[in-house]
Amino acid sequence: MAGRLVTLLTIVVIYMCNDSVLTQPSKPNIVMILLDDVGWNDVGWNNKHIKTPTLTKLAHDGLILNQSYTQPVCSPSRASLMTGRYPHNVYMDDSTPLGRDAAEGLDLGLELLPQKLKKAGYSTHATGKWHLGFCDWKYTPTERGFDSFYGHYLASNDYYTHKSGRGLDLWFNRQSVKDKDGVYDTNLWSDRAVDVIENHDVTNPLFLYVAYNAAHSPYQAPQDVINSYPQIADKDRRTLAAMMSVVDEGVANITKTLEKKNMMNNTLLVLLSDNGGVPSAGNNWPLRGRKGGFYEGGIRTPGFVYGGLLRRKGVVAQGLMHLSDWAPTLLTIAGVDISDETFDGSDQTRVVLDGGASTRTDIIHYLASSSPGGVIRSGDWKLIIGKSRQVGWDEDPFDNPTATKGSSKDRRQAGQGRPATGGDRIQLYNIKEDPTEKSNLASQYPSIVRRLRSKLITAHKTKTVVPEVVTTTAGHPPIFKGVWSPGWCVGGSNGEAATLVNTDPVVG
C-alpha cells in the first residue's frame, strides 16, 4: 500500500512539474512571419549560397509550400492575408500598393483575421511593417484587432534612422518612438517578438504577426554580415543576402524562445513572402518575372509551415495555395466556426497539418479595369489576358559560379534571350510542364483559353469598385512635428472613400 502511494505521489509531482502539460491553452498558438520582396531564389532551401540555416532547417523539418501564391505587390498581398479575400473583392486594386500621400486604407467595414482571433480568446500582437493604411487611426493595427503594435506604417523606411523621406515612421501602439536611431529594423522586430513571447501568459493562445520589411529596399544590413558574403560581387545582391541572414538570426531567437516557454509543441509557425523579388538585389530564378508582375517570379514565393501541430513533417506540398487561404485555415485550426464567413480563400487545414491535397483548383490573380482582362490559374493552366511587359528570367550569376557575370541587363538575359511572349495580349502556360513560362500555348489550346476567359468574365461581375483616392500633403511630416502620423483623414467603410480632415492643397 505504501509503495503504491509513493508511486502515485511521484506521478503527481512529475505531472505538476511539467509546465507543458499544465499550461498549454486549448487553442494553438499561431506565429505568422511575413517577409518583404523575398523571391524564390532568396532563401537557403532554394539557394545554398544564401546563409539562412535556421529557416532552411525549419523548412526541411516542416512543410515546404511549393506553390504558395501572393499578389504582385505589398498592400494587396497584406489585405488578402488579413481578410481571406482577393483584393479586387475588398475595394482594392490587385496590383497597386497604398501610397504615403494618399488618403486610403483597408476598408473599415471589414473584420480582419486578428479581430476574429481576438474574439476567440487570443492575445494578438504585431511587429514590423503594416502598409494597410494610416491616415486615420482606425486604419492602424491596434484598431484592427491587435493588442499591441511595434513597427512602421509605410511601405519602406531607412533601416537605421527609421525615416521615410523626411519623416520618422516608428511606432509603439499610438506613441511615436524616437530613441532607436541607429538600431537595425530587423533586430527591433525580432527583439519585440521575443519580448512578446517571453511575457505571454501561456494559459492563453497567442497570435503573433511578425512582418519583416526585409528584404525591401533600401538595401541595408550590418557591415559585418555583408562581409560574410565576399563571393557576391554585386553590392545590392550582397547586402540583400546579408539582410536575409539577419532575418534568419531573428527567427532563430523567436523559435528558441518558443521552445524555452514550452510553447512550440502547441504552435503553428508560418513563414511567407508578400511577393517576388526585385532584381538585381532580389532573385526569382528560375522563375520568370519579378515583383509587380504576374509571371511566376512576381507571385510564386517561398514559404513553409513548422511546429508541433504538424502531423506530417519533412513534406513538400505541391498543391495550390494563395494568401487568401490563410484566414480561413488559421481560423479553422483555432477552432473558430467559419461556416457563415465569406472568403475567397479555401480552408487548407488538410494541407497544413497533414501534407494533404489542396482544396483549391483556381486562383484569380488579377482583374483588370475592364472585362475580361486579368490573370487566372486553373489547375495546371495559367491565362493572361492583356498587354504585359517583355519580362525575362533573372539568372543570378553571383550565386551561381557557372553563370554569366556582367551588368544588370546581362543578368536578366543570361542564357535566355528576349522572351517572345511578353507582348502577346493572350498568353496561356501549362505551369506544371512549363513552370518558367517559356511556351505560350494560347494558339494551340483555344478551348482552354475560352474556358479560363469565361471564369475571368464571371469574376469581373462581382468585382468591387475601388474608391477614388485623394493624394494630398495633409499628412506630411512637417505638419506632425517630423513624423508620419495618423489623424488627417476619416477612413472609409463599405466601399466609401476616405475623406480629408485637414484642408491642405491636393498634390497635383
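Keep in mind the model is a prediction, meaning the values are calculated, not measured.

## Observations regarding the sheet that holds strand E19 (residues 426-430)
Here's step 1: Within the open sheet, the 4 strands sit side by side as E16-E17-E18-E19. Their pairing is antiparallel. Looking along the sheet, the strands with just one partner apiece sit at the ends: strand E16 (362-367) and E19. Along the sheet, successive strands turn relative to each other by an average axial angle of 10°, direction set aside.
Here's step 2: Examined bridge by bridge, strand E17 (residues 374-378) and strand E18 (residues 381-385) share 5 bridges and lie antiparallel to one another.

## Focus on the pattern of salt bridges
Here's step 1: Across all of its chains, the model carries 19 salt bridges by this definition.
Here's step 2: Among the ionic pairs, Asp-36 bridges to Arg-78, the shortest N-O distance being 3.6 Å. Taken together, the residues Asp-36 in the loop between strand E1 (29-35) and helix H3 (53-61) and Arg-78 in helix H4 (residues 74-83) connect sequence positions 42 residues apart. Residues Asp-36 and Arg-78 agree in their burial class; the two are buried.
Here's step 3: Glu-296 is paired through a salt bridge with Arg-300; the nearest N and O atoms lie 3.6 Å apart.
Here's step 4: The network of salt bridges with shared partners includes Asp-36, Arg-78, Lys-129 and Asp-274.

## Topic: the environment of Lys-27
Here's step 1: By the element assignment, Lys-27 lies in the loop between helix H2 (19-23) and E1.
Here's step 2: Look at Lys-27 and you get partly exposed, because its relative accessible area is 22%.
Here's step 3: Spatially, the C-alpha atoms of Lys-27 and Leu-206 are 8.8 Å apart, while their sequence positions differ by 179 residues.
Here's step 4: Among the polar contacts made by the side chain of Lys-27, one reaches the main-chain carbonyl oxygen of Ala-334 at a distance of 3.0 Å.

## Points about the sheet that holds strand E13 (residues 304-306)
Here's step 1: One open sheet holds the 10 strands; their spatial order is E9-E8-E5-E4-E10-E1-E11-E13-E2-E14, and the pairing between them is mixed. Edge strands, defined here as strands with exactly one partner in the open sheet, are strand E9 (175-176) and strand E14 (315-317).
Here's step 2: In terms of strand pairing, strand E5 (residues 148-152) meets strand E8 (residues 171-172) through 2 bridges, oriented antiparallel. In the strand pairing of E8, Gly-151 is matched with Trp-171.
Here's step 3: H3 contacts strand E2 (63-65), strand E11 (267-273) and E13 of the sheet and is inclined by roughly 80° relative to E13.

## Brief notes about the pairing of strand E10 (residues 206-211)
Here's step 1: Burial runs high along E10: 6 of the 6 residues are buried.
Here's step 2: The two faces of E10 match: Leu-206, Leu-208 and Val-210 on one face and Phe-207, Tyr-209 and Ala-211 on the other face are all buried.
Here's step 3: With 5 bridges connecting them, E1 and E10 associate as parallel partners. Counted as the bridge partner of Ile-30 is Phe-207 from E10.
Here's step 4: Pairing of strand E4 (residues 123-129) with E10 involves 6 bridges; the strand directions are parallel. Note on E10: the bridge partner recorded for Thr-124 is Phe-207.

## A look at the state of the cysteines
Here's step 1: In this structure the tally under the stated criterion is 1 disulfide.
Here's step 2: Here Cys-135 is linked by a disulfide to Cys-489, with a sulfur-sulfur distance of 2.2 Å. Measuring handedness by torsion sign, the sulfur bridge of Cys-135 and Cys-489 sits at about 60° and is right-handed. Remark: Cys-489 occurs in strand E20 (residues 489-490) and Cys-135 occurs in the loop between E4 and E5; sequence separation between them is 354 residues. Comparing Cys-135 with Cys-489 shows no difference in burial state: the two are buried.

What counts as what
- Residues numbered from 1 in each chain as written.
- Predicted model: local features only at pLDDT ≥ 70, side-chain atom pairs only at ≥ 80, totals over all residues.
- Heavy atoms only, no water.
- Pairing = 2+ DSSP bridges.
- Helix = DSSP H or I, 4+ residues; strand = E, 2+ residues; numbered from the N terminus.
- Axes fitted to C-alpha atoms, helices over the stretch in contact; angles between N-to-C directions.
- Salt bridge = Lys/Arg side-chain N within 4 Å of Asp/Glu carboxyl O.
- Buried < 20%, exposed > 50% of the residue type's maximum accessible area, 1.4 Å probe, protein only.
- Polar contact = N/O pair within 3.5 Å; in protein donor to acceptor, adjacent residues only side chain to side chain.
- Contact = heavy atoms within 4.5 Å.
- Disulfide = S-S within 2.5 Å.

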